[in-house]
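Listed below, chain by chain, are the residues.
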Amino acid sequence: MPEICNLSPTFPFNFEIIRSKRKSLVIYVKSGNVEVRSPRNTPKKWIHEFVFEKKDWILEELERQKRHFRQRLVIAEGREVTYLGRPRTIVVLISDAQEVRVTRDFLFIYARKNSPEKLELLFNNWLKEKAHEYMTSESRKVAKQLGVEHKLKKVVFRKTKSKWGHCCQNGTIQYNWLAMMAPKEVINYLIVHECSHLRHMDHSKRFWNTVESVCPRFKELRNWLAENGHRFWSRQ
Ligand SMILES: [Zn+2]
């Protein structure tokens, strides 16, 4: 059983005591958690005093780590992830039935194990599924609107580094499912862009006119994606 402690109700952090055969006390700060490794029989008071004395260093360390984490997408308890452009706080719940569910403000990840790899995998599978549901049917709709539904053969999903979407001569459209984190207007622009290639396989004036006919704000949305797209990549 983990031994979670707090020195007082106003003390700024909790910490966990892990006792083992070791000979001295040591503090580890990682992922927003404070861990004290202690010899088996060290009195609790000694440990508490040790933590109190190291308080400033621990707070600094917690702050520093928070700053570093903020700069990247991390799929973990309490972190934020955007879905359809709206930030949601991740809540991890241990469960045999693995599932991801989204509400207005939260993203619940039900996982057998709370490990970064597991959460990342569950999140990605879920996001890909959502992309499948939304982007496939939306592509058919837009293709129909553009009078090229007969040319759209297949919609596939890949996590490609270089681009958000791609349209092949054979009528296969490929999207990066990470785009589902962007606002809906941005996703829709991406869909209009790729479907417009079913009419024009280039980036000519005629191509952009086609894009504009369905998506008048395309320039703004294209810029948004260029400036913000990197935030959807996890560094895990
Ligand atoms: Zn293009």
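Residues numbered from 1 in each chain as written. Predicted model: local features only at pLDDT ≥ 70, side-chain atom pairs only at ≥ 80, totals over all residues. Heavy atoms only, no water.

Undergrad: Got a minute to help me understand the coordination of the zinc ion in this structure?
TA: Put simply, the ideal angle at a metal is 109.5 degrees for four donors in tetrahedral geometry and 90 or 180 degrees for six donors in octahedral geometry. Binding of the zinc ion to the protein goes through His193 (NE2), His197 (NE2) and His203 (NE2), at separations of 2.0 to 2.1 Å. Each donor residue of the zinc ion belongs to the same chain, and together they define the spacing H-x3-H-x5-H. (Donors = N, O, S within 2.8 Å, 3.2 Å for Na, K, Ca; no water.)

Undergrad: I tried to follow helix 3 (residues 116–145) on my own but got confused; where do I start?
TA: Count 3.6 residues to each turn of an α-helix, and residues three or four apart come out pointing the same way. End to end, helix 3 covers 42 Å across 30 residues, agreeing with the expected 44 Å (1.5 Å per residue, within 8%). Immediately beyond the C-terminal end of helix 3, within one or two residues, lies glycine 147, with a positive phi of roughly 70°. (Helix = DSSP H or I, 4+ residues; strand = E, 2+ residues; numbered from the N terminus. Expected span 1.5 Å × (residues − 1).)

Undergrad: What's the story with the nonpolar core in this structure? I'm lost.
TA: One recurring pattern in soluble globular proteins is that nonpolar side chains are buried together. By size, the foremost hydrophobic cluster in this structure holds 52 residues, and its most contacted members are Ile109, Leu127 and Met135. Considering every element that reaches this core, the biggest residue donor is helix 3, with 10 residues. Inspection of this core shows a minimum of three residues originating in each of domain 2 (80–121) and domain 3 (130–232). Counting 14 residues, the second largest nonpolar core, distinct from the first, contains Cys5, Phe50, Val51 and Leu62. (Core = buried A, V, L, I, M, F, W, Y, C linked by side-chain atoms within 4.5 Å. Buried < 20%, exposed > 50% of the residue type's maximum accessible area, 1.4 Å probe, protein only. Domains from an automatic or database assignment.)

Undergrad: Sorry if this is basic, but what is going on with the domain arrangement of the chain here?
TA: How big an interface is tends to be stated in terms of the accessible area lost upon association of its parts. According to the domain assignment, the chain contains domain 1 (3–70), domain 2 (80–121) and domain 3 (130–232). The straight-line distance from the C-alpha centre of domain 1 to that of domain 2 is 27 Å.

Undergrad: Please explain the sheet that holds strand 11 (residues 172–175) as it appears in this structure.
TA: In a beta sheet, neighbouring strands are held together by backbone hydrogen bonds and run either parallel or antiparallel to one another. Strand order in the open sheet made by the 3 strands is 9-11-10, with mixed pairing throughout. Every interior strand has two partners, whereas the edge strands, strand 9 (154–157) and strand 10 (165–167), have only one. Averaged over all neighbouring strand pairs, the angle between strand axes comes to 15°, with direction disregarded. In terms of strand pairing, strand 10 meets strand 11 through 3 bridges, oriented antiparallel. By the bridge assignment for strand 11, cysteine 167 is matched with isoleucine 173. Strand contacts of helix 3: strand 9 and strand 11, with the helix running at about 155° to strand 9, the strand carrying the most contacts. (Pairing = 2+ DSSP bridges. Axes fitted to C-alpha atoms, helices over the stretch in contact; angles between N-to-C directions. Contact = heavy atoms within 4.5 Å.)

Undergrad: What's the story with the environment of valine 214 in this structure? I'm lost.
TA: Among the secondary structure elements, valine 214 is positioned in helix 5 (residues 205–214). For valine 214, a relative accessible area of 24% corresponds to the partly exposed category. Between the alpha carbons of valine 214 and serine 196 there is a distance of 9.4 Å; along the sequence they are 18 residues apart.

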